[in-house]
Structures are given as C-alpha cells and as structure tokens.
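# Remarks on the overall topology
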Amino acid sequence: MTSNSQSIRVATFNVSMDGTNYVEQGQVPIGNELSKNLLSGEHKQIKNIAEIIQRVRPDIILLNEFDYSNNAMSDVEHFLNLYLKMPQNHKDPIDYPYFYSAAVNTGVNSGMDLDKDSIASGTQGDAFGFGFYPGQYGMLVLSKYPIEQHKIRTFQHFLWKDMPNSLLPTIEETNGEPYYSHAAQQILRLSSKSHWDIPIKFGEDIIHLLASHPTPPVFDGPENRNGKRNHDEIRFWNDYLSGNQRSAYIYDDQGNSGGFQGEHFIIAGDLNASPDEGDGLKDGIRGLLTHPLVNNAVVPTSEAASMHSPNNEFAAQHTAEWAMRADYVLPSTSLETNGRGVFWPKKDDPLYRLIKGRESSSDHRLVWVDIVAKD
C-alpha cells in the first residue's frame, strides 16, 4: 500500500434508522417514515446519530439499518445535507462526497410460504429477509474517498442452495426432511439483506469494504433456520477470501463468478454473532475471525461496556446494549491498526445522553478502527 503516510478511520454503526423507530410502539411502519424525518432535519435521534459520527469522524463508515426506499438517493442527500453537514451541538460538520446505497432482500416478497404459515393465513408470501416493506434495515456506505462504482460486486440474489455444504435447515421430526420445499430452495436467497464488495480508492491503492448484515440467529423454531442462515451468511465471506478452491461457486448479481480479487479489505457490519456468546452457531464467526487473511489481533473495547456488564468476562468487547460483540471492523492482514474503539460513553459522561437508550440513537454502538499499511 503506497499511501502509508496517512491512516484511515473505518467504522460500522447499526443506526436503527428503520421505520419502526418513527412510529408508535406496536404500529406497523409502511416504509416512508425515515424519508419524512430526514426531510425535517430536526429529528432528535437522527441528530444524535449525526453527532456521534461527527465526534468519531470516520473516513469510511457502513451504516446498518438505514432504510432503502424508492427515494434512496434523496434520503442519503438529506441525511448528508440536513444532519451531517450541519453542526450538532457545536461539533464540526462532516462531509462524505461519495456514498453507495442499493436494494436489499428485506421485505421483498418471495411469493412463497417460507415460514410455513403466511399463505395459510391469507398473505401472498414471505419476504426473502424479514421486513414489513422492501428495504427495511437497509445498508449505506459513506466515504471521503472515491468509490469505484463500476467495480462494485453485490450478492443480493445469490441462492442459499448454491453454497456447497450449506446449513439449509431440516426437520428433525421427519428424519431430516428439508425445511424448505424444493420449489422454495430454487428462489431462496442466502443474504437476508445483501453482501457488498465495494472498492474504495485511497491514493494509488484500493481498499475493498466487505459489507453485510446477517440475520439475527433467533426468532425461528427447532429447525434453527435463522441460526443456520446467520452462520452461512458469515461463512460466505470466509469462502470469498479463500481462493478459487473455496470461492469458485460464488457468483455476483452482475454475472461474474469467483471470490475476492485484491489485496486490501475490511470486513464491516453488524454480524449478529459472537465467538463466545449468544444464540448463534459459533463456527461461522470463529472461522472468519481466524481466517489467515483477517487481522483480528486487537479487538475494539470500551470501559463503559465493562461497567455495563460487570460480571461478564467478555464485556469490554461488547458493541451492543444487549451485551454482546455483534459489530465488527476487521482489516486484512495486509493492513495494520494504530487505533480502535467503541463509542460508548460512561453514565457519568455528559455524552451518555447520545446512547442512553435505543430512542436516543441505537441499541448498537459505533465501532471504529484506524488502519495503516505495513512497511
């Protein structure tokens, strides 16, 4: 990497900017809630999120749960112009000249009964990824450095059945009969949102942001369909980085086959998995964290997280209010880190107001890593 005189701060932040945050509790959102509140420029939760970003000042940031809609480009511009470029509590504005937003699988109707109850109850079918409307829990990448838009690879339509040795669920009571019908398997996508490979130009070098947001490994039944999907969504990146023998099966939405082609990468996102805690299948996240190309040597921590769960040996690594390491910024081993952290003010800190509850900003914390090139 030639631009080694400067470090880059890369962050991930599940911002909880989906429609459920902007309606009364128990009310079902319809999908235009974020657009309306972005346009006002005055929504307190969004202002707090902007302030957190202004305080940490990442150069590149992935936002999980930023709704994608038919107004996606306008929504991003309103977030940039009415929130991030406006000083929040006297903090310096921040500008991201480059961004990427695209469709995700949440709320997109499959036309089939995937959870074995929806068609019977009179609906048209289940979504490829849980959501009340298309684009709920979407993703957004903001960057101070140019994004090579024409080289982006997306994997929204990759089918789960096409992953060799996948964990497609079975029904134990029927001697391992597949949980999903043959017809369902022909359309069921692996990614609950999407997987993105976004090349970002830094000087003469390219850093690939590998972004995703796997499904929570809960809210299912004894077949553990969400737990197994979470595992395989994470395993996707493991295979993607593992050379032709492991990645040959992968195809992207543009019709190209094969895995990662590059040197530098950063895996980012709310992976909804921990190698030590939670309900997920641990092999997926452990495999990624121990991949020979992934630098997980130093884990971002915070003192406030330790105080939040004082009897938990892993507490310092937690990135979510519900006490687990769920959010990751994982550089490639071709990069070194010279700083890292989790934005989690302590209760006696005046900035605690920014993270006091989900209604303040999010139930997740912003996680960041400063990267530099190896000499």
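Residues numbered from 1 in each chain as written. Predicted model: local features only at pLDDT ≥ 70, side-chain atom pairs only at ≥ 80, totals over all residues. Heavy atoms only, no water.

## Focus on the nonpolar core
Ranked by size, the top nonpolar core spans 62 residues in total, and within it Met17, Ile53, Leu63, Phe66, Phe79, Leu142 and Leu366 carry the most contacts. Setting aside anything within four residues of it in sequence, one finds Met17 in contact with Tyr22, Leu34, Leu38, Gln45, Ile46, Ile49, Glu65, Phe66, Asp67 and Phe79. Core analysis: the second largest hydrophobic core is formed by 31 residues, Tyr179, Leu210, Tyr240 and Tyr328 among them. (Core = buried A, V, L, I, M, F, W, Y, C linked by side-chain atoms within 4.5 Å. Buried < 20%, exposed > 50% of the residue type's maximum accessible area, 1.4 Å probe, protein only. Contact = heavy atoms within 4.5 Å.)

## Description of the packing of helix H1 (residues 33-40) against helix H3 (residues 72-84)
Interaxial distance between H1 and H3 falls to 8 Å at its minimum, and their mutual angle equals 30°. Relative to H3, H1 is oriented roughly parallel. Read as a crossing pair, H1 and H3 show a hand that is left-handed. Residue-level inspection shows Ser35, Asn37, Leu38, Leu39 and Ser40 of H1 in contact with H3, the latter providing Asp75, His78, Phe79, Leu82 and Tyr83. Among the residues making up the contact of H1 with H3, the classes are represented as 5 nonpolar, 4 polar and 1 charged. (Axes fitted to C-alpha atoms, helices over the stretch in contact; angles between N-to-C directions. Helix = DSSP H or I, 4+ residues; strand = E, 2+ residues; numbered from the N terminus. Parallel < 35°, antiparallel > 145°, perpendicular 65-115°, else oblique. Left-handed = near helix turned anticlockwise from the far one by under 90°. Nonpolar A, V, L, I, M, F, W, Y, C, P; charged D, E, K, R; others polar.)

## Some thoughts on helix H2 (residues 44-56)
Along an α-helix, residues three or four positions apart point the same way, because every turn accommodates 3.6 residues. An ideal rise of 1.5 Å per residue puts 18 Å on 13 residues; H2 measures up with 18 Å between its terminal C-alpha atoms. Within H2, 10 of the 13 residues are buried, leaving the element largely enclosed by the surrounding structure. Restricting attention to buried positions, one finds in H2 the residues Gln45, Ile46, Asn48, Ile49, Ala50, Glu51, Ile52, Ile53, Gln54 and Val56. Backbone geometry just downstream of H2 places Arg57 in the positive-phi region, at approximately 55°. (Expected span 1.5 Å × (residues − 1).)

By themselves these figures say nothing about function.
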